[in-house]
Amino acid sequence: MIAVTLPAHNEEQLIAACLQSLQVAALHPALRDEAVVIVVALDRCSDATEWICQRMGVEVIKVDAGCVGVARAAASERALALGARWIGCTDADSVVPPDWLARQLQCGANAFCGVVAVGDWLDYPQAVREQFLQGEQAVDGHPHVHGANMGFSAVAYRQSGGFAPLATGEDVALIEAIHGAGMRVARLASPRVMTSARRHARAPHGFSEFLRRLEQRVGLAADDVMSDAAPISLLVR
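Residues numbered from 1 in each chain as written. Predicted model: local features only at pLDDT ≥ 70, side-chain atom pairs only at ≥ 80, totals over all residues. Heavy atoms only, no water.

J.: Explanation requested: helix α7 (residues 170-180) in the structure shown.
T.: Note: α-helices contain 3.6 residues per turn, so residues at a spacing of three or four share the same orientation. Turning to α7, its buried residues number three or more, namely E170, D171, L174, I175 and I178. Taken around the axis of α7, the buried residues stretch over an arc of 130°, which confines them to a single face. Those residues of α7 that are exposed and angled more than 90 degrees off the buried face are E176, H179 and G180. Packed against the buried residues of α7 are α3 (68-81), β5 (111-113), β7 (150-153), α6 (154-160) and β8 (185-187). Two residues or fewer after α7 comes G182, characterised by a positive phi angle close to 85°. (Buried < 20%, exposed > 50% of the residue type's maximum accessible area, 1.4 Å probe, protein only. Helix = DSSP H or I, 4+ residues; strand = E, 2+ residues; numbered from the N terminus. Arc of directions from axis to C-beta. Contact = heavy atoms within 4.5 Å.)

Below, the structure is given as structure tokens:
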């Protein structure tokens, strides 16, 4: 059996699209009808997230932690208890491609790390988009770890100690532990997951915070350019 796990904290606006994409990926022909279970860890949800999950027929567990590491660990333990041999991980504000699970299982490694693309840039300026594309190395062998696009075998998860109860960086810590245990990690450019550029972060120092810091750096760089250019413009006049 294959499992997909994701944490969720008040995700009523985005989780339906995520779950729908996962259900499509679960039906990919390359999986040869192997059972796929989707486990959502509801972490202090007070909106309609649970109702949406129930309506879409996915497995839910509840945690009261306010911590993404705890939520991911709880969902992973539930997946293992159900008999999962491989666990794919994503986020509730992300959409996976149809071959997402199939390509993970074909990676020939103990764990998979993929890249992400932003589906909706909202009000972020073009310069931020360009800087993100320059930094997100969408090539095989890339250095990135995204909780929205990763997976691992049950054996790798157990031997590495699982997700640590971290408020941020739990995904990086797990991949480092898997690698440190001598197991192979496939860092591939495909399949790529589409994620959100929303400004209201669910986890501190997560992807939303990363984009905000990038926006600040771009703004500071633009200010420096304007400052350097000012004397020249005065001379021209």
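J.: Looking at this model, I keep getting lost on the nonpolar core. Mind explaining?
T.: Side chains of a nonpolar character, in soluble globular proteins, are inclined to be buried together. Among the nonpolar cores identified, the biggest contains 32 residues, and L6, I15, L19, L22, I38 and V40 are the most heavily contacted of them. At the level of elements, β1 (2-8), α1 (15-25), β2 (36-43), α2 (49-55), α4 (100-105) and β6 (116-120) are the ones that each hand at least two residues to this core. The element that contributes the greatest number of residues to this core is α1, accounting for five residues. Not counting the four nearest positions on each side in its chain, L6 is found in contact with I15, C18, L19, L22, I38, V39, V40, A41, T90, D91 and A92. One finds L80, A111, F152 and Y157 within the second-largest nonpolar core, a separate group that totals 28 residues. (Core = buried A, V, L, I, M, F, W, Y, C linked by side-chain atoms within 4.5 Å.)

J.: What is the right way to look at α3 in this model?
T.: In a regular helix each residue adds 1.5 Å, so 14 residues correspond to 20 Å; α3 covers 20 Å between its end C-alpha atoms and thus fits that length. Just past α3, the residue G83 takes up positive phi, approximately 105°. (Expected span 1.5 Å × (residues − 1).)

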